[in-house]
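The primary structure of each chain is shown beneath.
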Amino acid sequence: MTKLGVGIIGCGNISTSYLKLAPLFKSLDVKAVADINMDTATARAAEFGVRADTVADLLAADDIDVIVNLTVPAVHFAVTKQIIEAGKHAYSEKPLVLTLEEGKELRDLAASKGLRIGSAPDTFLGGSHQLARAQIDAGKVGRIIGGTCHVMGHGMEAWHPNPDFFFKPGGGPVLDMGPYYITNLIQLIGPVKSVTALAKSTFATRTISNGDRNGEVLKVETPTDIQALLEFENGAVVTLGASWDVWSHRHDHMELYGENGSIFLPDPNFFGGDVEMSGENKDIVTVAPWDHPFSVANYEETRANYRCAGLADMATAIAEDRPHRCNIDVALHAVDVMTSILKAGEERRFVDMTTTCERPAALSPDEARALLA
Ligand SMILES: NC(=O)c1ccc[n+]([C@@H]2O[C@H](COP(=O)([O-])OP(=O)(O)OC[C@H]3O[C@@H](n4cnc5c(N)ncnc54)[C@H](O)[C@@H]3O)[C@@H](O)[C@H]2O)c1
């Protein structure tokens, strides 16, 4: 198949994963990178043997079909809009945008130009989450009626060299980590109907404890401790605990309860891990792993990491003229859920969704294999 010429805007922390992993996929050919800081782009380009462009040159480049937006959340909307206005397909890191209005504007703009917008996360395409999906779709635990999700820890200032954006509006655990959980819930259960939440920040400041800025104090400008309830269109009710104020806990990442059993999923921030399940006999057993290529450990020796799978699926979907899985309707619905959780927390009430979406198509082992080089 003809590969799409890929450009990247934003050469920070996560860009190395994209540049390392894109060659795994047969539809992707990363040609150039850009950053608001030209030195950053030049250094990243040299590391991976690609071209360093200015942002303007990348937007105008004839050999670029799709641009990946790896900038910070506050500028996701503006940068993705620039990409679409330049006549190129766009694929954004999460969260797609910070408001529904921004997302709708992007969706309408892309539709008017016949261009695609895709958005991370694509971890729900991982072998483990697809294995869980296959169990649910086969009716192994019956209709999902509820569940719990927990993404809790003590923040990002210990490992990220520039953690500022995590503590500003657009950051926080719901918008930053929520996309992995909410997108996986949408693929497993379907769209959300209504949410409520309580939200607060325990700590007014955070002290960077790594890298060149070690010791620098950041102001916390967004809630960092949120307990939410999500009611799905199918009637399921799921608790989501999302916090950067907690030192340790013993909750599972994600467990879902069905009418006839329960299913326990690994961390939706990753592609692999064990899936466990029980039936009415209550014996919890590991579901036998399947031969799905996106479960195979390929990263730091033990981890399955197929970041770029969503981008590769979008590139293939363009060639095959079919919908892509990490599509804007799913991403926009996830933004609706996340911004509504924050609104519910702020206003101490229930908030109904104003968007909905189809569950993205399942990705079978053969379909995943077909994306690989
Ligand atoms: N770091 C991770 O492990 C990780 C994992 C998954 C997703 N993400 C997501 O990826 C995105 C980027 O995260 P990161 O950790 O790489 O951030 P980062 O701060 O390390 O890098 C962001 C880069 O974008 C550049 N940039 C900012 N504004 C720009 C603009 N207007 N035009 C061009 N370049 C601009 C910055 O100069 C910087 O080099 C975020 O949305 C984040 O949620 C990060």
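Position numbers for residues start from 1 in each chain and track the written sequence from start to end. A pLDDT threshold of at least 70 governs which residues receive local features in this predicted model, and a stricter bar of 80 or more applies before side-chain atom pairs are shown or counted, although totals over entire chains, interfaces and linings include all residues. Hydrogens and water molecules were not included; the side-chain quantities draw on all heavy atoms of the structure.

(A) Structural view of the environment of Val238. Only runs of H or I of at least four residues qualify as helices and only runs of E of at least two qualify as strands under DSSP, and these elements are numbered from the N terminus. Examined against the element boundaries, Val238 turns out to sit in strand 12 (residues 237-243). Put simply, Val238 and Gly146 are 92 residues apart on the chain and 5.0 Å apart in space, counted from C-alpha to C-alpha. Whether two residues are in contact is decided by their heavy atoms: any pair within 4.5 Å suffices. Here Val238 is in contact with Gly146, Gly147, Thr148, Cys149, Leu185, Ile189, Ala228, Leu229, Leu230 and Phe232, once residues within four sequence places are set aside.

(B) Looking closely at the environment of Lys94. Along the polypeptide, Lys94 turns up in the loop between strand 5 (89-92) and helix 5 (100-113). Between the C-alpha atoms of Lys94 and Pro121, which are 27 residues apart in sequence, the distance is 6.3 Å. Those residues in contact with Lys94 that sit more than four places away from it in its chain are His76, Ala120, Pro121, Asp176, Pro179 and Tyr180. N or O atoms closer than or at 3.5 Å make up a polar contact, with two conditions inside protein: a donor-capable atom paired with an acceptor-capable one, and, for residues adjacent in sequence, both atoms drawn from side chains. Here the side chain of Lys94 touches Asp176 through a polar contact of 2.9 Å, side chain to side chain.

(C) The site of the ligand, seen in detail. With respect to spatial proximity, 24 residues lie near the ligand, and among them Asn13, Ile14, Asp35, Lys94 and His160 are the closest. One of the backbone N or O atoms of Ile36 is found 3.1 Å from a nitrogen atom in the ligand. One of the side-chain N or O atoms of His76 is found 3.0 Å from an oxygen atom in the ligand. Within the complex, the protein chains bury 84% of what would otherwise be the 830 Å² of accessible surface of the ligand. Only Asp, Glu, Lys and Arg are considered charged, only Ala, Val, Leu, Ile, Met, Phe, Trp, Tyr, Cys and Pro nonpolar, and every remaining residue, Gly among them, polar. Per-class residue counts for the shell around the ligand are 12 nonpolar, 7 polar and 5 charged. The source of the domain bounds is an automatic or database domain assignment. Split by domain, the shell around the ligand shows at least three residues from each of two domains, domain 1 (4-119) and domain 2 (127-301 + 328-357). It suffices for a single heavy atom of a residue to lie within 4 Å of a molecule or strand for the residue to be listed as near it. Using a 1.4 Å probe, the Shrake-Rupley method yields the accessible areas, and only the shown protein chains count as cover for residues.

(D) Structural context of the nonpolar core. Counting residues in hydrophobic clusters, the biggest one holds 74 residues, and the most contacted among them are Leu230 and Ile341. Per element, the largest residue contribution to this core is 10 residues, and it comes from helix 10 (residues 328-347). Formed jointly, this core draws a minimum of three residues from each of two domains, domain 1 (4-119) and domain 2 (127-301 + 328-357). By nonpolar core is meant a set of buried Ala, Val, Leu, Ile, Met, Phe, Trp, Tyr and Cys residues that side-chain atoms within 4.5 Å join together. Only protein chains enter the accessibility calculation, which uses a 1.4 Å probe; a residue is then buried when its area is under 20% of its type maximum, exposed when over 50%, and partly exposed in between. Listed in part, the 37 residues of the second largest apolar core include Val30, Val33, Leu363 and Leu371.

(E) Inspection of unusual backbone geometry at higher detail. Of note, the amide linkage connecting Lys94 to Pro95 takes the cis form, showing an omega dihedral of -15 degrees. With respect to the helices and strands, the residue Pro95 is situated in the loop between strand 5 and helix 5. The peptide bond linking Ala120 to Pro121 adopts the cis configuration, its omega dihedral lying at 5 degrees. Positive phi, normally seen in glycine, also occurs at Asp321, with a value near 55 degrees. Relative to the helices and strands, Asp321 is located in the loop between helix 9 (309-320) and helix 10. What makes Asp321 exposed here is its relative accessible area of 68%. The phi dihedral of Arg348 is positive, around 50 degrees, even though this residue is not glycine. Residue position: Arg348 is located in the loop between helix 10 and strand 17 (350-352).

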